[in-house]
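# Fold and geometry: a report
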Amino acid sequence: MIMKNYKKHFLRFAEERKALKFGEFTLKSGRNSPYFFNAGTFNSGEALARLGRYYADAIMASGLEFDMLFGPAYKGIPLVAAVSVALAEHHGRDYPWAFNRKEAKDHGEGGWLVGAPLQGRVLVIDDVITAGTAIREVATMFEKTDASMAGVMVALDRQECGKEPSEAGKGLSAIQEVEQALGVPVGSIVTMSDIVAWLEQQPDSEAVVEPMREYRERYGVQ
């Protein structure tokens, strides 16, 4: 399968920004991972603009149908703004967007929502889904409105099971758990499989690729 150009460009960009690193990393779960992804390094105007374009490319490629965009506080706030600009400027799609406050405001305009009113089919923009807690909280917020969740778009799908693999078979990934629990699709700019395929195309990358393959074999999901 030929990898789409925007995926290749995003991976090169993520490595340049040191958002994507290879080596030995201890994850919050305690696992030793051969790679690490940190969207916090897209911390300049130019970097955020490019990131928004890659999200927009992935959204257009996904075929998802939606009426507006939503970014969960806090990381989702700059992301949803950047994505809305990229969709308007590069794809001619001008969508309303909004984000939530962590704590509802009881003065001024008040409430927990900032931006456009939540209505119709809403696409949620976030960086990654680790345990799915934040997305479930968003789903609970939406229950107070006339909106429905059309889907979720993140930067990276690690494609790994949430628990240790057992003889009974591999479990679901955090993203698969969200898809099943909420009944909505979750897309990503890239997946771990994309990272492996991209590395395999790079010269002298075997020392990096092999640990990635081993990690995927141990923790990866179908």
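If you're wondering where the values come from, they're calculated on a predicted model, not measured in any experiment.

What counts, and at which threshold
Residues numbered from 1 in each chain as written. Predicted model: local features only at pLDDT ≥ 70, side-chain atom pairs only at ≥ 80, totals over all residues. Heavy atoms only, no water. Salt bridge = Lys/Arg side-chain N within 4 Å of Asp/Glu carboxyl O. Helix = DSSP H or I, 4+ residues; strand = E, 2+ residues; numbered from the N terminus. Buried < 20%, exposed > 50% of the residue type's maximum accessible area, 1.4 Å probe, protein only. Phe/Tyr/Trp six-rings, centres within 6.5 Å; stacked < 30°, edge-to-face > 60°. Lys NZ or Arg CZ within 6 Å of the ring centre and 35° of its normal. Expected span 1.5 Å × (residues − 1). Arc of directions from axis to C-beta.

All told, the structure shown has 10 salt bridges when counted by the stated rule. Across the salt bridge formed by Glu160 and Arg31, the nearest N and O atoms sit 2.7 Å from each other. Here the residue Glu160 occupies a position in the loop between strand S7 (146-157) and helix H5 (174-182), and Arg31 occupies one in the loop between strand S1 (20-26) and strand S2 (32-37), the gap between them amounting to 129 residues. Summarising the burial analysis for this pair, Glu160 and Arg31 share the class buried.

Before going further, it helps to examine the packing of aromatic side chains. Two aromatic rings, taken as a pair, are described by how far apart their centres are and by the angle between their planes. Inspection of the entire model under this criterion finds 11 aromatic pairs. Measuring from ring centre to ring centre gives 5.7 Å for Phe13 and Tyr54, while their planes differ by 45°; the resulting arrangement is tilted. Here Phe13 is found in helix H1 (residues 5-16), whereas its partner Tyr54 is found in helix H2 (residues 45-62), with 41 residues between them in sequence. Judged by relative accessible area, which is 1%, Phe13 ranks as buried. The ring of Trp112 has Lys144 lying over it, and the distance from NZ or CZ to the ring centre is 5.7 Å. Just above the ring of Tyr35 sits the side chain of Arg158; from NZ or CZ to the centre is 4.2 Å.

Let's shift gears to helix H7 (residues 206-219). For H7, with 14 residues, the first-to-last C-alpha span of 20 Å sits near the 20 Å given by 1.5 Å per residue. Buried within H7 we find Val209, Met212, Tyr215 and Tyr219. All buried residues of H7 lie within an arc of 125° about the axis, which places them on one face of the element. Exposed residues on H7 whose side chains face more than 90 degrees from its buried face are Ala207, Glu217 and Arg218.

Take unusual backbone geometry next. Put simply, Ala73 and Tyr74 share a cis peptide bond, and its omega is 5°. Secondary-structure assignment places Tyr74 in the loop between strand S3 (68-71) and helix H3 (76-91). Although it is not a glycine, Gln159 adopts a positive phi angle of roughly 55°. Turning to its location among the elements, Gln159 is positioned in the loop between S7 and H5. For Asp204, which is not glycine, the phi dihedral falls at a positive 55°. Relative to the helices and strands, Asp204 is located in the loop between helix H6 (192-200) and H7.

Shape is all these values report; function is a separate question.
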